[in-house]
Amino acid sequence: NIYGKEARHLAIEMLEKVGIRDAEKRIDSYPHEFSGGMRQRVMIAMALITKPDLLIADEPTTALDVTVQKQVLDLINDMQKELGTAVIFITHDLGVVSETCDTVNVMYAGQFVESAPTGKLFTEPVHAYTRALEASIPAMHQKGEDLHTIPGLPPDLTKPITGCAFQPRNLLGDASKCLTSERPQLIELSPGHRVQDCPGCRAR
């Protein structure tokens, strides 16, 4: 374990690594004295200071403008290369996913509905929820065109779910063919590409 001056020195060193200027002075600052982007950098420093084998980044760019978002993502990427840390991103931002992730697991109602290498997922999405998410990306629409939205709300996970959880919101597949008596299981379509085997969600 590290204590006292040694711990303080290590903390200052990590703040410098994540791009905090005058780290020796700023280490005594309060959170409200930092910008949103700097607070994110401090959180990343706190997460990486123990040199973990795995970093779980839950919405690391939420509420950040595009410029700061890129800085934070570049920082995580640089730290990942330097420390050899594996990173799991948990995010709703498909732009972040496309730029930073090697593999994507799409979850709905607490279960994986599709899993694939990033390039494969964006070029060959199979599950209706994956296709709906991609259709909701503003950049996928022509200027002036209405944005695609997914109707309804996610299911209440405090109640048992029988059948396909996405069936009530399935507009891009065929909801009439969704499983109703059992939860669909993951099957492998090709190496590394798996999808829930629901006929209604795989239909086009």
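Up top you'll find the structure we're talking about.
Residues numbered from 1 in each chain as written. Predicted model: local features only at pLDDT ≥ 70, side-chain atom pairs only at ≥ 80, totals over all residues. Heavy atoms only, no water.

Draft legend 1. Region of the structure containing the sheet that holds strand β6 (residues 193-196). Ordered by their spatial adjacency, 4 strands build an open sheet running β3-β4-β6-β5, and the pairing between neighbours is antiparallel. Looking at strand neighbours, the two that pair on one side only are β3 (103-108) and β5 (186-190), the edges of this open sheet. Taking the axes of each pair of neighbouring strands and ignoring which way they run, one obtains an average angle of 25° across the sheet. Where β3 and strand β4 (residues 111-117) come together, 6 bridges link them in antiparallel fashion. Across the sheet, the residue bridging to T103 is P117, located in β4. Its contacts with the sheet put helix α7 (residues 128-135) on β3 and β4, and the angle it makes with β3 is roughly 105°. (Pairing = 2+ DSSP bridges. Helix = DSSP H or I, 4+ residues; strand = E, 2+ residues; numbered from the N terminus. Axes fitted to C-alpha atoms, helices over the stretch in contact; angles between N-to-C directions. Contact = heavy atoms within 4.5 Å.)

Draft legend 2. Quick look at helix α3 (residues 36-48). Taking 1.5 Å as the rise per residue, α3 with 13 residues should run 18 Å; its terminal C-alpha atoms sit 19 Å apart, in good agreement. Along α3, the residues classified as buried are G37, Q40, R41, I44, A45 and L48. End-on, the buried residues of α3 take up no more than an arc of 145°, which puts them together on one face. On its buried face, α3 sits against α1 (4-17), β1 (54-58) and α4 (66-83). (Expected span 1.5 Å × (residues − 1). Buried < 20%, exposed > 50% of the residue type's maximum accessible area, 1.4 Å probe, protein only. Arc of directions from axis to C-beta.)

Draft legend 3. Here's a closer look at a nonpolar patch on the surface. Together, L54, I56, I88 and I90 give the surface a local cluster of nonpolar side chains, amounting to about 350 Å² of exposed area. When contributions to the nonpolar patch are tallied by element, the ones reaching two or more residues are β1 and β2 (86-90). With respect to the secondary-structure elements, I56 resides in strand β1. (Patch = residues over 30% accessible without salt bridge, like charges linked within 9 Å, V, L, I, M, F, W, Y side chains within 5 Å. Areas by Shrake-Rupley, 256 points an atom, 1.4 Å probe, with all protein chains shown as cover. Salt bridge = Lys/Arg side-chain N within 4 Å of Asp/Glu carboxyl O.)

Draft legend 4. Structural view of the environment of I76. Here I76 is to be found in helix α4. Taking the C-alpha atoms as reference, I76 lies 8.7 Å from V18; in sequence the two are 58 residues apart. In this structure I76 touches I44, L55, P60, V87 and F89, once residues within four positions along its chain are discounted.

Draft legend 5. Quick peek at the packing of aromatic side chains. All chains considered together, the criterion is met by 3 aromatic pairs. On the basis of an interplanar angle of 85° and a centroid distance of 5.1 Å, the ring pair of Y108 and F166 is categorised as edge-to-face. Linking Y108 in strand β3 with F166 in the loop between α7 and β5, this pair joins segments that are 58 residues apart in sequence. Of the two residues, Y108 and F166, both sit in the buried class. Each member of the aromatic cluster is reached from another via a ring pair, and the members are Y108, Y129 and F166. The aromatic ring of F34 is capped on one face by R26, whose charged end is 4.4 Å from the ring centroid. (Phe/Tyr/Trp six-rings, centres within 6.5 Å; stacked < 30°, edge-to-face > 60°. Lys NZ or Arg CZ within 6 Å of the ring centre and 35° of its normal.)

Draft legend 6. Geometry of α4. Taking 1.5 Å per residue, 18 residues should reach 26 Å; α4 reaches 26 Å between its end C-alpha atoms and fits that length. Buried residues of α4: V68, Q69, V72, L73, L75, I76 and M79, and no others. On an axial view of α4, the arc spanned by its buried residues comes to 155°, and they lie on one face. Seen from the open side of α4, the exposed residues pointing more than 90 degrees away from its buried face are V66, T67, K70 and K81. Summarising the contacts, the buried residues of α4 are in contact with α1, α3, β1, β2 and α5 (94-100). In the stretch just after α4, G84 is the one whose phi turns positive, near 70°.

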